[in-house]
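Chain and residue survey
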Amino acid sequence: MKVVETDLTKAKFYHFYPCIPCVIVVKYKEKINGMTAAWNIGLSFNPPLFGVSISPNRFTYSLLKNAKEFTANFLSFDYLKTIASFGRTSGRNIDKFKNFRVETEESKFISSPILKNAYASYECKVVNIFNVGDHDLFVGKILAVHYDEDLFEKDTKIPSVEKIKFSFYLGSDFYFTQKSFEKVKFGEEEVLKSSY
Ligand SMILES: Cc1cc2nc3c(=O)[nH]c(=O)nc-3n(C[C@H](O)[C@H](O)[C@H](O)COP(=O)(O)O)c2cc1C
């Protein structure tokens with residue numbers, strides 16, 4: 001039975017989940033911090049823009065406002081502990097990298113590092129910040145993409161569902177990965193050939 005909730009103070013709108021969270025890493029002066037962000041989104045091909053919506057309550061927010069650069073790091077299910085711990089603790093109180101033994105590597109163009117164990121990372125320079133209610137949308141221009149080429153298909157460059165155990169976030173403190181999968185190609189050709 002479908003229901004309609006009109007009291008949006010009570011309604012949890014988790015219906016766009018599952019989604020793939022990334023870990024946003026920012027270095028400002030000598031301080032490096034990272035936080036998990038599920039509200040991330042590709043915004044433009046040319047210029048290549050990637051957005052992330054961050055609450056001013058996060059320690060990362062103030063670093064980001066000053067540094068105007070960040071890296072976005074995608075981790076497989078093998079590193080779920082990193083995703084969860086970077087999203088449930090604050091850099092105001094602890095050094096997450098030391099505490100959770102997370103290794104970094106230097107970026108090519110910016111001083112914020114990438115995560116060594118990420119299967120893909122973006123180096124981004126903040127080009128715009130939009131207030132969107134109780135979060136701000138940071139728009140980053142992607143300067144470099146680091147990725148493990150073995151985990152992406154050679155021709156299409158899409159992620160290999162056979163090789164990457166994705167970290168899907170369901171909301172609250174729940175995650176899952178794929179145990180089996182059904183992969184389909186359904187492009188324009190298949191759309192036109194198909195009967196309806
Ligand atoms: C899976 C997951 C996804 C999250 N997504 C976001 C997000 O998109 N934006 C945001 O502002 N906070 C998000 N958070 C919350 C922050 O990661 C969390 O408040 C973190 O402790 C902030 O760390 P900081 O204070 O060191 O910046 C998320 C948390 C989790 C666990």
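In this report, the structure presented in the accompanying data block is examined. (Residues numbered from 1 in each chain as written. Predicted model: local features only at pLDDT ≥ 70, side-chain atom pairs only at ≥ 80, totals over all residues.)

Moving on: the overall build of the chain. On a plain count of helices and strands, the chain comes out with four helices and eleven strands. Computed over C-alpha atoms, the radius of gyration of the chain comes to 18 Å, within 12% of the 16 Å expected from 2.2 N^0.38 for 196 residues, which places it in the range of a compact globule. Principal axes of the C-alpha set define a box for the chain whose edges measure 60 × 45 × 35 Å. Burial status across the chain gives 26% buried among its 196 residues. Considering only residue pairs separated by 6 or more positions, the chain has 59% of its internal contacts joining residues 24 or more positions apart. (Helix = DSSP H or I, 4+ residues; strand = E, 2+ residues; numbered from the N terminus. Rg over C-alpha atoms; globule rule 2.2 N^0.38 Å. Buried ≥ 20, exposed ≤ 12 C-beta atoms within 10 Å, placed from the backbone. Contact = placed C-beta atoms within 7 Å.)

Bringing unusual backbone geometry into the picture now. Cis geometry marks the peptide bond from Tyr17 to Pro18, where omega comes out at 5°. Residue Pro47 follows Asn46 across a cis peptide bond; omega there is 5°. Topologically, Pro47 is positioned in the loop between β3 (40–44) and β4 (49–54). Here the phi dihedral of Arg101 falls at roughly 50°; this positive angle occurs in a residue that is not glycine. Counting through the fold element by element, Arg101 comes out in the loop between α3 (96–99) and β6 (104–105). Phi at Lys157 is positive, roughly 70°, even though this residue is not glycine.

The strand order across the open sheet formed by seven strands is β2-β1-β5-β8-β9-β4-β3, and the pairing between neighbours is antiparallel. This sheet does not close on itself; its edge strands, each paired only once, are β2 (31–37) and β3. With strand direction ignored, the average angle separating the axes of adjacent strands in the sheet is 35°. Where β3 and β4 come together, four bridges link them in antiparallel fashion. Looking at β4, one finds that Gly42 is bridged to Phe50. Across the sheet, helix α1 (residues 59–67) is in contact with β1 (22–28), β2, β4, β5 (69–74), β8 (120–132) and β9 (135–147); its angle to β1 comes to roughly 55°. Set on the sheet, helix α2 (residues 80–87) makes contact with β1 and β2; between it and β2 the angle comes to about 105°. (Pairing = 2+ DSSP bridges. Axes fitted to C-alpha atoms, helices over the stretch in contact; angles between N-to-C directions.)

From the geometry alone we can't say anything about function, so treat these as descriptive.
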